[in-house]
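What the coordinates show
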Amino acid sequence: MNMEPKTLRLARTGMFCAAAIALSAAESLFPALPFLPPGAKPGFSNLASMLAASCLGLGPALCVAVCKALFAGLMRGFSAGLLSLFGGLLSTVVTFLLLGGKFAGYIGIGIAGAAAHNLGQLCAAAVLLTPGILGYVPWLLLFAAVTGTLTGLLFGLLEPRLFCLTKIPFK
């Protein structure tokens, strides 16, 4: 069965959106850890945006980040959706810019994406709440190093195996 390239791209974008939403829902089941900043999550749902950026390009990856933010907004409220949107868009752009470059490997891309996500969220939170929230920057950067390493390792395992990178037709 042959699909038009635009149809195939749209279908794959939808699959990455579904994966982002499923991973986001799963992450919301993790209990809050007392030594972490409020709302800190592992960031595995960002894998969908990272993989979409690698496989489909920046536009579809940004669509995945927006879908995930809309889901967060519907499930956890306006503030959560806005934080997810700011963090997801910045993280996706940083990931896309680092892909294919010689500056960072998978782990470096994961850490940079996690740090960008945290910084985007903090900027949104500073506007919504108070600039004093920026005091979390050191903790969130440390958290980004840990979670970004895990996300980068998973990205390194998954990215080479994606069906759209191997040019195998989707069945």
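Not measured: the values here are computed from a predicted model. (Residues numbered from 1 in each chain as written. Predicted model: local features only at pLDDT ≥ 70, side-chain atom pairs only at ≥ 80, totals over all residues. Heavy atoms only, no water.)

Within the chain, the secondary structure is distributed over six helices and zero strands. For the chain, with 171 residues in total, the buried portion stands at 39%. For the chain, the proportion of contacts with a sequence separation of at least 24, taken over those separated by at least 6, is 71%. By element, 75% of the accessible surface of the chain is carried by carbon and sulfur atoms, the whole surface being about 9400 Å². (Helix = DSSP H or I, 4+ residues; strand = E, 2+ residues; numbered from the N terminus. Buried < 20%, exposed > 50% of the residue type's maximum accessible area, 1.4 Å probe, protein only. Contact = heavy atoms within 4.5 Å. Areas by Shrake-Rupley, 256 points an atom, 1.4 Å probe, with all protein chains shown as cover.)

Once that is clear, we can look at helix α4 (residues 78-98). Compared with the 30 Å implied by 1.5 Å per residue over 21 residues, the 30 Å span of α4 between its first and last C-alpha is a close match. Buried-residue contacts for α4 involve α2 (46-55), α3 (58-76) and α5 (106-128). The positive-phi residue at the C-terminal boundary of α4 is Gly100, with phi of around 75°. (Expected span 1.5 Å × (residues − 1).)

Burial within α2 is extensive, with ten of its ten residues counted as buried. Every buried residue of α2 is listed here: Asn46, Leu47, Ala48, Ser49, Met50, Leu51, Ala52, Ala53, Ser54 and Cys55. Positive phi shows up at Gly57, right after α2, with a value of about 110°.

Looking now at the confidence of the model for the chain. Averaged over every residue, the pLDDT of the chain is 86; the share at 70 or more is 89%. No element of the chain has a lower mean pLDDT than helix α6 (residues 137-158), at 89, and none a higher one than α3, at 95. Within the model, the stretch residues 166-171 combines pLDDT values under 50 with eight contacts to residues more than four positions away or in other chains. (pLDDT = per-residue confidence, 0-100.)

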